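Given next are the chains, with one letter for each unit.
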Amino acid sequence: MSLRIVVTVKYVPDATGDRHFAEDLTVDRDDVDGLLSELDEYAVEQALQIKEAADGDAEITVLTVGPEDANDALRKALSMGADKAVHVEDDDLHGTDALGTSLVLAKALEHVGYDLVISGMASTDGGMGVVPAMLAERLGVPQVTLLSEVKVEDGKVTGRRDGDAASEQLEAALPAVVSVTDQSGEARYPSFKGIMAAKKKPVESLDLSDLGIDADEVGLEGSWTTVDEAAERPARTAGTIVKDEGEGGKQLAEFLASQKFI
Amino acid sequence: MAEVLVYVDHVDGAVRKPTLELLTLARRIGEPVAVHLGAGADTAAATLAEYGAVKVLAADAAEFADYLVAPKVDALEAAYRAVSPAAVLVPSSAEGKEIAARLAVRIGSGIITDAVDLEAGDEGPVATQSVFAAAFTTKSRVTKGTPVITVKPNSAAPEAAPAAGTVEQLAVSFGEKSTGTKVVSRTPRESTGRPELTEAAIVVSGGRGVNGAENFPVIEALADSLGAAVGASRAAVDAGWYPHTNQVGQTGKSVSPQLYIAAGISGAIQHRAGMQTSKTIVAINKDAEAPIFELVDYGVVGDLFAVVPQLTDEIKSRKG
């Protein structure tokens, strides 16, 4: 049976844009251009490489939870080469936190069916990096996360996790949840052919009732955390800038000494 | 007084500094109870007690090293059931966040990650976070269950506050599903003898301007003259000039030292995300228009290969 790979992806506000909060202190997703989270492109890439290594005997589904525009993120992944997409979209999802998101993703994964789940290491907006671990916990399958190298063979996933203290070689039986880092390999650009083909690929739309989730389990009301305040960080006061005329290093040392660093 | 669980980050009983910071923050909320997994609990207990741990719950088992993350979640859950704490604090390392995330799901509690400060509040602990590449500061609370909060290094100055620190054995049974991911082998990183990047008081980073792995010793020499950690921008890491473990920025480490020195780094958003909360920022760059200069307390427009060695020599001679 061919390997069922599901890649979880997130549609995020462009990090190079002017990101801010909406009135309800959720991330403002209306005023800023959105896109597929850059770190999720690495997950799509690894899914494609695993499929290629299996001589194409795999089916890649991209899954997202998000507003209507999140469809753009799915299209990007499909144009890179994923086979089909699932979009969980529901007005009641607005303001859902990581625990809620992992609940919805877990139910959607059970609905879609999977042998291997691949996520990015974190989103580029919230950036908590906790959803893959939460998914493994909720699904009751092995967590094989933060891999900079990943391989699937004989019903097993293996990979290298580079930590601060050590580099670890990991191994787990499928089904499993994997996350990959930005060190796992450059993501490919969609080809023109890929972009054209993506337009014809199926995108299944699901809402909370399809997944048997009550509205009060998710959204801002159902959130397990609350943001009471969000304030723009005051701009740093302009510092002293000197041009090096041969004494730049000494001037800098003088500054460091005045600040008691030397 | 309510107890607060503190997950101990240690190497064979040598407690790492972020844990002492956590103990200090925990005392603002309640009485710290440390959870020590693996070898060296008796050694660690002395340090943990000095910084305020009233109790040290200890468990040692081969599973902690042989399988990824999940056995540690089993142990932390056992400690949670034994203590019924007011909050659970975990260091914000990659593994710490994963342990905290799974615990939160398991005990049905909200989670906040990467707090940079923590205070007691009328409705539970209030966590300060730095978000959107540190452009915003938020204050958040957990509203359901027992708050599980991960805290970034350098969030508080560790304060000694001697307490009993009595070691108690923690009974842990591992779930069948906790041994699913085997750690087949482990290759420790070679120690550079320099401070840990995220914990260092001073960080010196090099970027594209360093122009080659062979030139990084210039950055390292400056770092060593200050007893600093060495960082690198994504451009320098992607070019293969310096290891990824030293990358500062959105997809690398986020640092918040007393002093950050950026040499040959332009200051793209990806880098700023990882260093913008540093107390004092200094930059050396050829390009006077580089965005990094918008952040600096002191900047030198010039060739880093002239400025940095001169600075290093000057520091060495001043330090005698």
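Residues numbered from 1 in each chain as written. Chains lettered and ligands numbered in written order. Predicted model: local features only at pLDDT ≥ 70, side-chain atom pairs only at ≥ 80, totals over all residues.

### Regarding helix H9 (residues 304–319) of chain B
Turn by turn, an α-helix covers 3.6 residues, leaving residues three or four places apart pointing in a common direction. With 16 residues, H9 of chain B extends 22 Å from end C-alpha to end C-alpha; this agrees with the ideal 22 Å at 1.5 Å per step. Of all the positions in H9 of chain B, only Leu304, Val307, Val308, Gln310, Leu311, Thr312, Glu314 and Ile315 of chain B are classed as buried. Lining the buried residues of H9 of chain B we find helix H7 (248–258) of chain A together with helix H6 (216–226), strand S15 (259–263), strand S16 (280–285) and strand S17 (298–301) of chain B. Looking at the residues trailing H9 of chain B, positive phi occurs at glycine 320 of chain B, about 70°. (Helix = DSSP H or I, 4+ residues; strand = E, 2+ residues; numbered from the N terminus. Expected span 1.5 Å × (residues − 1). Buried ≥ 20, exposed ≤ 12 C-beta atoms within 10 Å, placed from the backbone. Contact = placed C-beta atoms within 7 Å.)

### Some details on the interface of chain A and chain B
The interface is formed by 64 residues belonging to chain A together with 70 residues belonging to chain B. Secondary-structure elements contributing two or more residues to the side of chain A that touches chain B are helix H3 (98–112), helix H4 (131–139), strand S7 (143–153), strand S9 (166–173), strand S12 (225–232), strand S13 (240–243) and H7 of chain A. For the side of chain A that touches chain B, the residue count by class is 29 nonpolar, 19 polar and 16 charged. (Nonpolar A, V, L, I, M, F, W, Y, C, P; charged D, E, K, R; others polar.)

### Some words on the domain arrangement of chain B
When the parts of a complex come together, some accessible area is lost, and that lost area is often used as the size of the interface. All names here are of chain B. Taken as a whole, chain B is organised into domain 1 (3–179) and domain 2 (202–319). Its C-alpha centre places domain 1 at a distance of 32 Å from the equivalent point of domain 2. Tallying the contact residues gives six residues for domain 1 and nine residues for domain 2. For the side of domain 1 that touches domain 2, the residue count by class is three nonpolar, two polar and one charged. (Domains from an automatic or database assignment.)

### Concerning the sheet that holds strand S11 (residues 166–169) of chain B
Strand order across the open sheet formed by ten strands is S12(A)-S9(B)-S8(B)-S7(B)-S10(B)-S6(B)-S1(B)-S4(B)-S5(B)-S11(B), with mixed pairing between neighbours. With partners counted over all chains shown, the strands left at the sheet margins are S12 of chain A together with S11 of chain B, one partner each. Between one strand axis and the next, the sheet turns through 35° on average, direction left out of account. Relative to strand S4 (residues 31–37) of chain B, strand S1 (residues 3–7) of chain B runs parallel, the two sharing five bridges. When the bridges of S4 of chain B are listed, valine 4 of chain B appears paired with proline 32 of chain B. (Pairing = 2+ DSSP bridges. Axes fitted to C-alpha atoms, helices over the stretch in contact; angles between N-to-C directions.)

### Observations concerning unusual backbone geometry
Look at the link from leucine 174 of chain A to proline 175 of chain A: it is a cis peptide, with omega at 0°. The residue aspartate 55 of chain A is not glycine, and still its phi comes out positive at about 55°. Looking at where aspartate 55 of chain A falls in the secondary structure, it is placed in the loop between helix H1 (38–53) and strand S4 (58–65). A tally of 7 C-beta atoms within 10 Å means that aspartate 55 of chain A is categorised as exposed. Its identity as a non-glycine residue notwithstanding, asparagine 154 of chain B has a phi of 65°, on the positive side. Relative to the elements of secondary structure, asparagine 154 of chain B occurs in the loop between strand S10 (148–151) and S11. Residue classification places asparagine 154 of chain B among the buried positions, given that 21 C-beta atoms sit within 10 Å.

### Details of the sheet that holds strand S8 (residues 156–162) of chain A
Spatially, S11(A)-S5(A)-S4(A)-S1(A)-S6(A)-S10(A)-S7(A)-S8(A)-S9(A)-S12(B) is the arrangement adopted by the ten strands of the open sheet, whose pairing is mixed. The open sheet has two edge strands, strand S11 (203–206) of chain A together with strand S12 (182–188) of chain B, and neither has a second partner. In this sheet, neighbouring strand axes are inclined to one another by 30° on average, regardless of whether the strands run parallel or antiparallel. Where S9 of chain A lies against S12 of chain B, six bridges are found, and the strand directions are antiparallel. Among the inter-strand pairings, alanine 166 of chain A is bridged to a residue of S12 of chain B, identified as proline 188 of chain B. Against the sheet, H1 of chain A contacts strand S1 (3–9), S4, strand S6 (116–120), S7 and strand S10 (176–180) of chain A, and its axis sits at roughly 145° relative to S6 of chain A.

### Points about the packing of H3 of chain A against H4 of chain A
Residues and elements named next belong to chain A. Across the interface, H3 lies against H4 with an axial gap of 9 Å and an inter-helix angle of 50°. One element, H3, and the other, H4, form an angle in the oblique class. Between H3 and H4 the crossing geometry is right-handed. Facing Ala98, Leu99, Thr101, Ser102, Leu103, Leu105, Ala106 and Leu109 of H3, the residues of H4 in contact are Val131, Met134, Leu135, Arg138 and Leu139. (Parallel < 35°, antiparallel > 145°, perpendicular 65-115°, else oblique. Left-handed = near helix turned anticlockwise from the far one by under 90°.)

### Regarding helix H2 (residues 41–50) of chain B
Residues and elements named next belong to chain B. Along H2, the residues classified as buried are Ala41, Ala44, Ala45, Thr47, Leu48 and Ala49. In this structure, the buried residues of H2 make contact with strand S2 (10–11), strand S3 (14–15), helix H1 (17–26), S4, strand S5 (55–59) and S11. Positive phi appears at glycine 52, one or two residues downstream of H2, with a value of about 110°.

### Focus on the nonpolar core
Val7, Ala77 and Val178 of chain A together with Val6, Leu48 and Leu89 of chain B are the most contacted members of the largest nonpolar core, which has 131 residues in total. Ignoring any residue separated from it by four or fewer positions in sequence, one finds valine 7 of chain A in contact with Ala43, Val44, Ala47, Ile60, Val62, Leu63, Ala77, Ala82 and Ile118 of chain A. One finds Leu256 of chain A together with Val203, Val230 and Val237 of chain B within the second-largest nonpolar core, a separate group that totals 48 residues. (Core = buried A, V, L, I, M, F, W, Y, C linked by C-beta atoms within 7 Å.)

### Structural notes on the confidence of the model for chain B
Residues with a pLDDT of 70 or more make up 100% of chain B, whose mean pLDDT is 96. Confidence estimates for the predicted assembly give a pTM of 0.94 and an ipTM of 0.95. (pLDDT = per-residue confidence, 0-100.)

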